[in-house]
Each structure stands twice: as structure tokens, then as C-alpha cells.
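Remarks on the overall topology
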Amino acid sequence: MKRTARAFWLHSPGHGEIRETALPEPTADDVVVRTLFSGVSRGTEGLVFRGGVPESQHTAMRAPFQEGDFPGPVKYGYLNVGLVEEGPGDLVGRTVFCLYPHQTRYVVPARAVTPVPDSVPAARAVLAGTVETAVNALWDAAPLVGDRIAVVGAGMIGCSVAALLARFPGVRVQLVDADPARAAVAALLGVDFALPEDALAGCDLAVHASATEAGLVRSLELLAPEGTVLELSWYGDRRVSLPLGEAFHSGRLVVRGSQVGRVSEARRSRRTFADRLALSLDLLSDPVFDALVTGECAFGELPSVLRGIAAGDVPGLCHRVRYDAADDGPMPG
């Protein structure tokens, strides 16, 4: 019998839809996964929905199981948690995380899924890709005991970085955002909060994740001499300007990029992508990360919800998508 599923596709910038899709027959090395939850990577998927991926980055921005091409039609996403229905015996019945788009059921090689620890609820595990980005950032930044650190931008990534830094001994961590409502999230994460104009200066490290020119400029201003800005923002096709003629040279400041698509050279000899993802899932045993999920919708609502996220009409951090058995039914005629 022909296997089918439903998937979210961006038909063209600003226009998403649910499509029926045929599933391949699984081989002995594959798993069939029924999706329980998926997560919207707000910044990246909002950019994709708006058609803002620069042509020069079409290849670099491809998700592992993406279909189609930018700007569309394209099936895009990478935060998926599901239940293995068929496959190797040690995986059947397990909850797994996969870098798969928003789709009700899918077939992938067994090596492409990572079991979710029993201590991590499936609904929280959609944050694995976000926490993985934060882990990679801290591998790149290598903060030291006692460092003074600002995390500028209290979105999904910034909050994940702050949550991990809160565990570091002796560090001063301050989450900085222009939205005073993010103070409540900072309190749940166990870190201090400040508006940009009130942020503490003299930082050894500023992690920037606001995706705004103003945020990046403020990150530089908060540095102590020889401090570093670790840039996590993805600007797409937007250009930003920086005041590199002021204290940048005399202060011997550093701006360094970090991106989850690579493990740093310093770590690559002993840490793999699989190691990084497994660590991220283990870290999600901490219920503090529930503070990062601020909205939820049914799978069938995703086209309108993503439109709202891209337009800025649906604020918040991670938006979780839930699936049920009815989502796999026949498409309306």
C-alpha cells in the first residue's frame, strides 16, 4: 500500500501550504518516524518564509532533509521529534530527534535520528537544535571561570546560551534585550536582565544574537579591552554597519562568527556532530528550558502561524507544533 504523509511547504515567499507527499519504502537500514512535535526556528524560518535567503547562501543554508530550493517551493525545517514505528529493533518504540522539516511521518536512515533520553519530555526535545547551536557557540567562545559576559538578544538562541552560562562557576551573566518583557524569561533561567542602555560594561565576552545592527554595536560597546563579540546572528540579505573607527582598534576588540554548521577546528579532533547533539539532548533534562517554549499550534495551523511569525505578529521564543493521528488522514478534496 502506498505510504503518504502531510508536509508543510513554502510555495513562494509569504505563501505556505500543507501538501500530501508520498513516502519511500523503507530499507533495512531506515526508520519510519511518526512526528509528535516539531519546532519553528523563529529567526531562520521567518527569513526563509519571507524569501530573504541571499542567493550566495542557498547552498550553505540547505537543511539536511530539505526538498526544493530557495526561495520556493521549498520544504524547510530541522526541529523534529517523533516516535519510531518501524526500523532496527533497538529503535522501534523510541522517541527520537531528527533534523527533519515539518511533516507528519517520514522515512530516514537510522543513523539520522538520535534517541531522546528518558529524562527529556518529547515536547521539550524540539529545543535540541537550538541548544546545540548554543553548545557550539560556547565551544567557540570558550568562556573562563570568572568571566563577565553579556548575552545580547533574548531570543531562542540567546536564551539558550544564557541558560548554559548560568551553570558556569563564578561568571557574571547578563541577558540584554530591548523588550522589558524578556526579564521574566531571564528570571526563570536564573540570570540577570538589563535593557541595552542599562547593561553592565567591562565584559570579557559579549554573545550577540539579536540579529540587529543596534544589538551588534551595543555588544562592542560593552566590551573591556581585548574583549570578544561572538556573533551568532543571521542577517540574511541585510547589511550592517559598525563603528570600527572608535574604540575598536585601540581596545584590540574582536568580532568572531559562530555557526552551528561546523564544529570548531579545536574541537573537531575529539568531538563529532553526533557528540554535540547527544550532549544537547542530555542538557535538556533540566526543566528550566521549558521557559523557551512560548507558543504552540496544531500542524494544520502552521501556514498561518508561520506567516504571523515572519511578519512579527506572533511574538515569543520557540513555537512548538503538535501532531495527532488525524493529521495523516486524506487531504480534503
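Now for a quick tour of the structure. (Residues numbered from 1 in each chain as written. Predicted model: local features only at pLDDT ≥ 70, side-chain atom pairs only at ≥ 80, totals over all residues. Heavy atoms only, no water.)

1. Here we look at the side chain of Glu 132
Summarising the element assignment, Glu 132 is placed in helix α3 (residues 128–141). Under the relative-accessibility criterion, Glu 132 is labelled buried at 7%. Discounting chain neighbours no more than four positions away, the residues touching Glu 132 are Val 260, Phe 273, Arg 276, Leu 277 and Ser 280. (Helix = DSSP H or I, 4+ residues; strand = E, 2+ residues; numbered from the N terminus. Buried < 20%, exposed > 50% of the residue type's maximum accessible area, 1.4 Å probe, protein only. Contact = heavy atoms within 4.5 Å.)

2. So, the packing of α3 against helix α4 (residues 156–165)
The relative placement of two packed helices is expressed as an angle between their axes plus a distance between the axes. At their nearest, the axes of α3 and α4 sit 8 Å apart, and the two run at 60 degrees to each other. One element, α3, and the other, α4, form an angle in the oblique class. Crossing of α3 over α4 shows right-handed handedness. Contact with α3, carried on its side by Thr 130, Val 131, Thr 133, Ala 134, Val 135 and Leu 138, involves Met 156, Ile 157, Ser 160, Val 161, Leu 164 and Leu 165 of α4 and no other residues of that element. For the contact of α3 with α4, the class distribution of residues is nine nonpolar, three polar and no charged. (Axes fitted to C-alpha atoms, helices over the stretch in contact; angles between N-to-C directions. Parallel < 35°, antiparallel > 145°, perpendicular 65-115°, else oblique. Left-handed = near helix turned anticlockwise from the far one by under 90°. Nonpolar A, V, L, I, M, F, W, Y, C, P; charged D, E, K, R; others polar.)

3. Description of the nonpolar core
Counting 76 residues, the largest nonpolar core has Val 151, Leu 189 and Phe 289 as the members making the most contacts within it. Formed by 11 residues, the second largest nonpolar core is a distinct cluster that contains Val 31, Val 33, Val 84 and Val 108. (Core = buried A, V, L, I, M, F, W, Y, C linked by side-chain atoms within 4.5 Å.)

4. With respect to the sheet that holds strand β13 (residues 203–208)
If you walk across this open sheet you meet the six strands as β12-β11-β10-β13-β14-β15, and the pairing is parallel. On the outer flanks of this sheet lie β12 (192–194) and β15 (254–257), each paired with one strand and no other. Mean inter-strand twist for the sheet, computed between neighbouring axes without regard to direction, equals 25 degrees. Pairing between strand β10 (residues 148–152) and strand β11 (residues 172–176): five bridges, direction parallel. The residue of β11 that forms the bridge with Val 152 is Val 176. Along the sheet, α4 makes contact with β10, β11 and β13, crossing β10 at roughly 155 degrees. Lying over the sheet, helix α6 (residues 213–221) contacts β10, β13, β14 (223–231) and β15, oriented at roughly 150 degrees with respect to β14. (Pairing = 2+ DSSP bridges.)

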